[in-house]
Amino acid sequence: QVQLVESGGGLVQAGGSLRLSCTVSGSIFRINAMGWFRQTPGKQRELVGLIINGGRITYADSVKGRFTISRDNAKNMVFLQMVSLKPEDTAVYYCNVNGGIANLNYWGQGTQVTVTS
C-alpha cells in the first residue's frame, strides 16, 4: 500500500521560510512525477511544483523564484523549500506522486502552512 506522509508545515510571518518534506512508502511500479499541490477553502487544489520523470521541473507562476522543489530518490522523498512567504501562500499543502501506466495519483494527508502579515 502506497503511503505519503508530509511534514514541515506551520505558522510563519510574511517573508519567512519553511521546508516541507514528504516520505513515500510502498511500491509504485513507475513514478511519473512527484510534487506539491495546495488548497484553500472553497478553491480547487492547485499545482505548486512538480518534478517530472526525467528531471524537468515546473512551478506555478505565483511561486516561481520563491519555492524550490527537490527529490531524494534514494530515500523516496520530495521536498519543497519555500522562502519569501506571503499571506496568500497560506493553504494546506499536499504531496503528490503520479505513478504507473494508468497515471494513478497518490496523495498525502496534507500539512497546513499559515503565513501571517
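Residues numbered from 1 in each chain as written. Predicted model: local features only at pLDDT ≥ 70, side-chain atom pairs only at ≥ 80, totals over all residues. Heavy atoms only, no water.

Colleague: What's the story with the pairing of strand β8 (residues 77-82) in this structure? I'm lost.
Modeller: A regular strand places its side chains so that they alternate between the two faces of the sheet. For β8, the buried fraction is high: 5 of the 6 residues fall into the buried class. Looking at chain direction, strand β3 (residues 18-25) and β8 are connected through 6 bridges and run antiparallel. When the sheet's bridge partners are listed, T23 is paired in β8 with M77. The pairing of strand β7 (residues 67-72) with β8 spans 6 bridges and is antiparallel. (Buried < 20%, exposed > 50% of the residue type's maximum accessible area, 1.4 Å probe, protein only. Helix = DSSP H or I, 4+ residues; strand = E, 2+ residues; numbered from the N terminus. Pairing = 2+ DSSP bridges.)

Colleague: Explain the environment of L20 to me, please; I cannot follow it from the model alone.
Modeller: Position of L20 among the secondary structure elements: in strand β3. Given the relative accessible area of 0%, L20 is considered buried. Here the alpha-carbon distance between L20 and W36, two residues 16 residues apart in the chain, equals 9.4 Å.

These results come straight from atomic positions and should not be treated as a statement about function.
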